[in-house]
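Analysis of the macromolecular model
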Amino acid sequence: MHLTSESLLIVLLVGVIAGWLAGQIMRGTGFGLIGDLIIGIIGAFIGGWLLPQLGIHLGAGIVGEIVNATIGAMLLLFILSVLRGRGTFSSWGWGRR
C-alpha cells in the first residue's frame, strides 16, 4: 500500500476531527492537537474493524469515515476511563475508591 501525501493529509484530518469530536462528547473537552490525532487514528482502526463485524455500514466518503472513527474513538475513551476507574459506572459507586 502506497500512501500519497494527499491520503496522508486526509488520514490526519479525519483523525484530528474524530479525536476532537470524541473528546467533546465523552469528556467535554479536547485533548490537544496531538492527543486528538492519536485518539482519532486509533479510533478509526477500532471503528473500521468493529462496525463491519456488527453489520453496521455507515457509507462511503469522508463524512462516513469521520463518523466511523468518532464511534471507535468514543469506545476507546470509554474503555480507558473504565480501566482507570473514572468511567460512567464509578459515579454509581461501582468504580474503585
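Within each chain, residue numbers correspond to sequence positions counted from 1 in written order. A pLDDT threshold of at least 70 governs which residues receive local features in this predicted model, and a stricter bar of 80 or more applies before side-chain atom pairs are shown or counted, although totals over entire chains, interfaces and linings include all residues. Only hydrogens and water are set aside; all other atoms, that is, all heavy atoms of the structure, feed into the side-chain values.

1. A look at the packing of helix H1 (residues 5-26) against helix H3 (residues 62-83)
Each axis is a line fitted through C-alpha atoms, and for a helix only the stretch in contact is used; angles between axes span 0 to 180 degrees, taken between their N-to-C directions. Starting at the N terminus, helices and strands are each numbered in turn, a helix being any DSSP run of H or I of at least four residues and a strand any DSSP run of E of at least two. Put simply, H1 and H3 touch, their axes get as near as 8 Å, and they point 50° apart. Judged on the interaxial angle alone, H3 and H1 are oblique. The two elements H1 and H3 meet at a crossing, and its hand is right-handed. Here H1 contributes Ile10, Leu13, Val14, Ile17, Ala18, Leu21, Ala22, Gly23, Ile25 and Met26 to the contact with H3, which in turn contributes Ile62, Glu65, Ile66, Ala69, Thr70, Ala73, Met74, Leu77 and Phe78. In this classification, Asp, Glu, Lys and Arg are treated as charged, Ala, Val, Leu, Ile, Met, Phe, Trp, Tyr, Cys and Pro as nonpolar, and every other residue, Gly included, as polar. Classifying every residue of the contact of H1 with H3 gives 16 nonpolar, two polar and one charged. Any angle between 65 and 115 degrees counts as roughly perpendicular, while under 35 counts as roughly parallel, over 145 as roughly antiparallel, and the rest as oblique. In this scheme the handedness of a crossing depends on how the near helix is turned from the far one: anticlockwise by less than a right angle means left-handed, clockwise means right-handed. Here, residues are in contact when the closest pair of their heavy atoms is within 4.5 Å.

2. A word on the nonpolar core
Across soluble globular proteins, you tend to see nonpolar side chains buried next to one another. Judged by nonpolar contacts, Ala22, Ile39, Ala73, Leu76 and Leu77 together constitute the single largest core of five residues. By residue number, the principal contributor to this core is H3, which donates three residues. Setting aside residues up to four positions removed in sequence, Ala22 forms contacts with Arg27, Thr70, Ala73, Met74 and Leu77. Within this scheme, the nonpolar core is defined by two criteria: the residues are buried Ala, Val, Leu, Ile, Met, Phe, Trp, Tyr or Cys, and they are joined through side-chain atoms within 4.5 Å. Any residue under 20% of the maximum accessible area for its type is buried, any over 50% is exposed, and the rest in between are partly exposed; the area is computed with a 1.4 Å probe on protein chains only.

3. Details of the confidence of the model for the protein
Predictor confidence is given residue by residue as pLDDT, running from a minimum of 0 to a maximum of 100. Looking at the protein as a whole, its pLDDT mean stands at 82, while 86% of the residues score no less than 70. Here residues 89-97 scores under 50 on pLDDT; set against residues more than four positions off or in separate chains, the count is eight contacts.

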